[in-house]
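What follows is the residue order along each chain.
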Amino acid sequence: MDSTESGSLRLDGPDLALLRGDEGEGTRLAMAILVRMAEVVEARELLDITAAHIDSSLYQGPATLEFAERLAEGGARVRVPTTLNVSGVDEHGWREWDVPESWAAPARRQMEAYEAMGCEPTWTCAPYQTQPRPGVGEQVAWGESSAIVFANSVLGARTERYPDLLDICCAVTGRAPAAGLHLAENRVGRVLVDLSGLPRRLAQEPALYPVLGHWVGLRVEGRIPVLDGLRARPGEDDLKALGAAMASSGAVGLFHWVGVTPEAPDTDAAFEGREPATRLRPGLAALRAARDELGSGLSDADGLDLVVLGSPHFSLSEFATLARLVDGRRRHPGVRLLITTGRAVRALAREAGYLDAIESFGGELTVDTCILTTPMLPGSIRRLMTNSAKYAWYTPGLLERAVAFGSLADCVESAVAGRVTRDDGAWS
Amino acid sequence: MFRNDLRAVSDRSGAAGSGRLTGRALVEGAAEGAVLYSAEPLSFWGGYDAATGEIIDRRHPLAGRNGADRILAIPATRGSSTTTAVLLEAIRRGTAPAALVTRGPDTFLALAAIVAAQLYGEAPPVIALDPEGFDALRRIPRARVDAAGAVTPLGAVDQRR
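The rules behind each value
Here the residue numbers are simple positions, counted from 1 along each chain's written sequence. Following the order in which they are written, the chains are lettered starting with A and the ligands numbered starting with 1. Confidence filtering applies because this is a predicted model: local features only for residues at pLDDT of at least 70, side-chain atom pairs given and counted only at 80 or more, and all residues used for totals across whole chains, interfaces and linings. By the criteria applied, helices consist of DSSP H or I runs no shorter than four residues and strands consist of E runs no shorter than two, each listed in order from the N terminus. Burial is judged by counting other C-beta atoms within 10 Å of a residue's own C-beta: 20 or more means buried, 12 or fewer means exposed, and anything between counts as partly exposed, with every C-beta placed from the backbone. Where each domain begins and ends is defined by an automated method or by a domain database. In the scheme used here, Gly and all other residues not listed as nonpolar or charged are polar, with Ala, Val, Leu, Ile, Met, Phe, Trp, Tyr, Cys and Pro taken as nonpolar and Asp, Glu, Lys and Arg as charged. In this description, one arc is meant: the one made by directions from the helix axis to the C-beta atoms. For the purpose of contact definition, each residue receives a C-beta atom placed from its backbone, and two residues are in contact when these atoms lie within 7 Å. Strands are treated as partners if at least two bridges between them are detected by DSSP. Every helix has an expected span of 1.5 Å times one less than the residues it contains.

### Section: the overall build of chain B
When helices and strands are tallied, chain B shows 4 helices and 8 strands. Along chain B, helices (α) and strands (β) appear in the sequence α-β-β-β-β-α-β-α-β-α-β-β when read from the amino end. Taking all 161 residues of chain B together, 57% fall into the buried category.

Here it is, written out as structure tokens:
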């Protein structure tokens, strides 16, 4: 058999052909990077993937654009169905906000480079909301921390935590290092998060999930958490918010929830019969403190400039809930309401009639991107409120603005009142 | 006291020179500079300004410090998968750390350096130390990194840290 050893890494014939440049310079570059990374993670071989989701599409500056164009101009084309994460600009709507042309032009060029490689222009961090989903045990290569944790945990697919620049190398070679979360032995739960002590009214509170994710992410240090004992059953939007929060405050690529996620039908399965290495038992006071910690520079009753929803991108069911909450009401003239979502979900929400109530309320939508990935906010917007732990976590550093965290209902009440208004009922 | 600890670390790691910390070079290279150390993981996205090298994660102990041309010692990256892209931009602009040292291997930092080497022919070394070796960096003001993956402390040890 045509194969070779590079360190302890075994490459087969087709891998070597790509590495030699038989399929062009772009694919050679991708395979060279992939092989170096396989050595870094001490993989013995590469495995086939069936799909990919690309976070490298995010424009960060000239280097990410040069990387994309080197691949595309070198003839690299994806070998598996590949979706695209958010980009650096709302392709058709950026002029409605404060995005400078000097940013929009190269960001659009980067979008074109990834489309030229054969990726589907989905432009969303939540591809699982509208695209075909990988099945349990399916080997894929996903980027975007919030999507990775969803794919592994909620869908039971297998992806390592692929950083930007590597996800596309997997997609154009169809290969990934056989390491990390691709391998069953690395998917076993380590930390038990016992939620049985939480009061029922907190268990019924949707904002519990981002807060809990934030709290867990800070404590597990990359080990796989297993949640159990909550007196409520989380839905998909709850798990989306939970995972995104864990993957912001911590390096979490997979969690299990006993009786909820596919690899944890019971505690034994989640821990493979072993004892948890660590047990955590968050109480009401700890989670209340975590909720307050998500805010930065804003207190209750402070004035607001923007309420922003949709990180990860707002789902159709979230639009349905929001439409009910804002129906017949009107935002305060001093506060804008922005929802970030994907093109496909926006179309579905319009079709379902949800956007009528939201637009009458004074809400605005941005697609393809989000407030963290495109410089869209005018300087006059200084005070934000959100129900997303991910937005709350990154806003102080990336946007240098104050932020308050609250539930979706709190966010709507605050948009009407013009100031931070939070219902503490579930938290006291 | 500390020198004894350090020697113990070195001995365990099998290093030859006094105080030399032997690690694994994920990306090889040589560098020398002031050590910027934190026991707290850092996401470069939302945490490191590629335009200036400033650490901008307001919740991080190193917030406001500048990582450019330093030996940046953090236990690991966390969170966002865009950390790699931010570090790549910083390398291109010349605002990246001179070397990156972590507590165990960090694939995100290694990837950025590997891509930079492919695109620009240059990259900062990325070194994984064992936990004891990494923790010893807390008190070291200045260090040299060599192609073998060793980190050699330079200058007087800071007893206050």
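On we go from here.
### Quick look at the domain arrangement of chain A
For chain A, the assigned domains are domain 1 (3-185), domain 2 (188-292) and domain 3 (294-421). Partitioning the side of domain 1 of chain A that touches domain 2 of chain A into residue classes produces 7 nonpolar, 5 polar and 2 charged.

### What about helix α1 (residues 13-20) of chain A?
Residues and elements named next belong to chain A. Buried within α1 we find Asp-15, Leu-18 and Leu-19. Within α1, the buried residues cover an arc of 100° as seen down the axis, which keeps them to one side. Exposed residues lying more than 90 degrees from the buried face of α1 are Gly-13 and Arg-20. Taken together, the buried residues of α1 touch β2 (9-12), α2 (25-40), β3 (46-48), α6 (167-173) and β7 (175-177). Count one or two residues on from α1 and you reach Gly-21, which has phi positive near 95°.

### Examining the interface of chain A and chain B
Contact residues are listed per partner, giving 36 residues for chain A and 31 residues for chain B. Residues of the side of chain A that touches chain B, tallied by class, amount to 19 nonpolar, 10 polar and 7 charged.

### Quick look at the environment of Val-172 of chain A
All names here are of chain A. Within the fold, Val-172 resides in helix α6. Between the C-alpha atom of Val-172 and that of Phe-314, which follows or precedes it by 142 residues, the distance is 29 Å. In this view, Val-172 contacts Gly-26, Thr-27, Ala-30, Leu-71, Ala-76, Arg-77, Val-78, Arg-79 and Met-117; residues no more than four positions away in its chain are not counted.

### Details of the pairing of strand β8 (residues 191-194) of chain A
Residues and elements named next belong to chain A. In this sheet, strand β9 (residues 225-228) lies alongside β8 in parallel orientation, the contact comprising 4 bridges. Its bridge partner being in β9, Val-191 is matched across the sheet by Pro-225. Direction of pairing for β8 relative to strand β11 (residues 278-280): parallel, over a ladder of 3 bridges. From the neighbouring strand, Leu-192 faces β11, where its bridge partner is Arg-279.

### Some remarks on helix α4 (residues 101-116) of chain A
All names here are of chain A. Over its 16 residues, α4 extends 22 Å from the first C-alpha to the last, a length consistent with the 22 Å expected when each residue adds 1.5 Å. Among all positions of α4, only Ala-104, Ala-107, Gln-110, Met-111, Ala-113 and Tyr-114 are buried. Its buried side turned inward, α4 meets β4 (52-54), α3 (62-73) and β5 (82-84). One or two positions beyond α4, positive phi appears at Gly-118, with a value near 95°.

### With respect to the pairing of strand β3 (residues 31-37) of chain B
Regular strands have side chains that alternate between both faces of the sheet. Residue and element names in this part refer to chain B. Bridging between β3 and strand β7 (residues 142-145) involves 4 bridges; their strand directions are antiparallel. When the bridges of β7 are listed, Ala-31 appears paired with Val-145. Here 3 bridges tie β3 to strand β4 (residues 71-73), and the two strands are oriented parallel to one another. Among the inter-strand pairings, Val-35 is bridged to a residue of β4, identified as Ile-71.

### Remarks on the environment of Val-420 of chain A
Residues and elements named next belong to chain A. Note that Val-420 resides in the segment after α16 (408-417). Residues Val-420 and Arg-190, 230 residues apart in the sequence, show an inter-C-alpha distance of 38 Å. Aside from chain neighbours lying at most four places away, what touches Val-420 is Leu-298, Ser-299, Asp-300, Ala-301, Asp-302, Leu-304, Met-385, Ala-404 and Ser-414.

### Here's the deal with unusual backbone geometry
The omega torsion across Ser-311 of chain A and Pro-312 of chain A is -10°, close enough to zero to call that bond cis. You can see Pro-312 of chain A is positioned in the loop between β12 (306-309) and α12 (316-326). Although it is not a glycine, Ala-301 of chain A adopts a positive phi angle of roughly 80°. In this structure, Ala-301 of chain A sits in the loop between α11 (284-293) and β12. We note that Asp-69 of chain B has phi near 65°; this positive angle belongs to a residue other than glycine. As for its placement among the helices and strands, Asp-69 of chain B is situated in the loop between β3 and β4.

### Digging into the sheet that holds strand β6 (residues 141-142) of chain A
Residue and element names in this part refer to chain A. What the 3 strands build is an open sheet, ordered β5-β4-β6; its pairing is parallel. Each of the sheet's edge strands pairs with one partner strand only, and the pair in question is β5 and β6. As defined by bridge partners, β4 adjoins β5 across 3 bridges and the pair is classed as parallel. When the bridges of β5 are listed, Ala-52 appears paired with Thr-82.

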